[in-house]
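# Results of the structural survey
The chain contents come next:
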Amino acid sequence: MEPDLTDVVAPLWSAEHTRQALGLSHHAMTEHRKTRALLAVHTSDGDWFYPVAQFEKHDGKIQVNVALREFMTALPDRDPWTISVLLRTPAPELD
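Worth saying up front: this structure is predicted, and the values here are computed from it rather than measured.

Before going further, it helps to examine the nonpolar core. Grouped together as the largest cluster of nonpolar side chains are 13 residues, with contacts concentrated most on Leu38, Tyr50 and Phe55. Other than its neighbours up to four places away in sequence, Leu38 contacts Thr18, Leu22, Met29, His32, Arg33, Tyr50, Gln54, Phe55 and Val64.

Pairing of strand 1 (residues 12–14) with strand 3 (residues 48–51) involves 3 bridges; the strand directions are antiparallel. Looking at the pairing, Trp13 lines up with Tyr50 of strand 3. Alignment of strand 2 (residues 41–42) against strand 3, held across 2 bridges, turns out to be antiparallel. When the bridges of strand 3 are listed, His42 appears paired with Trp48. The hairpin formed by strand 2 and strand 3 contains 5 residues between the paired strands, and Gly46 there has a positive phi angle of roughly 90 degrees.

What follows covers helix 2 (residues 15–22). Burial in helix 2 covers these residues: Thr18, Arg19 and Leu22. Looking straight down helix 2, one finds that the buried residues subtend no more than 100 degrees of arc, so they occupy a single side. Against the buried residues of helix 2 lie strand 1, helix 3 (26–34), strand 3, strand 4 (55–58) and strand 5 (61–64). Just past helix 2, the residue Gly23 takes up positive phi, approximately 70 degrees.

A few words now on the pattern of salt bridges. For the coordinates displayed, the defined rule picks out 2 salt bridges. The partner of Glu16 in a salt bridge is Arg19, and the shortest N-O contact between them spans 2.8 Å. Remark: Arg19 and Glu16 occur in helix 2; sequence separation between them is 3 residues, near one turn of the helix. On the basis of relative accessibility, which here comes to 34%, the residue Glu16 falls in the partly exposed class. Using a relative accessible area of 19% as the deciding quantity, one classes Arg19 as buried. Put simply, Asp77 and Arg78 hold a salt bridge, and the shortest N to O gap is 3.7 Å. Residue classification places Arg78 among the partly exposed positions, given a relative accessible area of 44%.

Cut-off values and rules
- Residues numbered from 1 in each chain as written.
- Predicted model: local features only at pLDDT ≥ 70, side-chain atom pairs only at ≥ 80, totals over all residues.
- Heavy atoms only, no water.
- Core = buried A, V, L, I, M, F, W, Y, C linked by side-chain atoms within 4.5 Å.
- Buried < 20%, exposed > 50% of the residue type's maximum accessible area, 1.4 Å probe, protein only.
- Contact = heavy atoms within 4.5 Å.
- Pairing = 2+ DSSP bridges.
- Helix = DSSP H or I, 4+ residues; strand = E, 2+ residues; numbered from the N terminus.
- Arc of directions from axis to C-beta.
- Salt bridge = Lys/Arg side-chain N within 4 Å of Asp/Glu carboxyl O.

In structure tokens form, the structure reads like this:
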């Protein structure tokens, strides 16, 4: 049996947890999601979740990894679930 897609990209944060962790307004969250400055996956239930693999802690603050942000915005036509799986796929040749 194949794993559920959410299990592959887990852990995921809820929209509210992500908003609070990043210190963003609801409007800013929406804009970041639309511009791919923030990777969000949409579930069949209509909810938005945010893969934790995109975040890093810098000077005590949670932020989106800058290199990943560039990666995500470079792939505007790719499904966010696909990008989320890529983030969680081991690549030993890249250390």
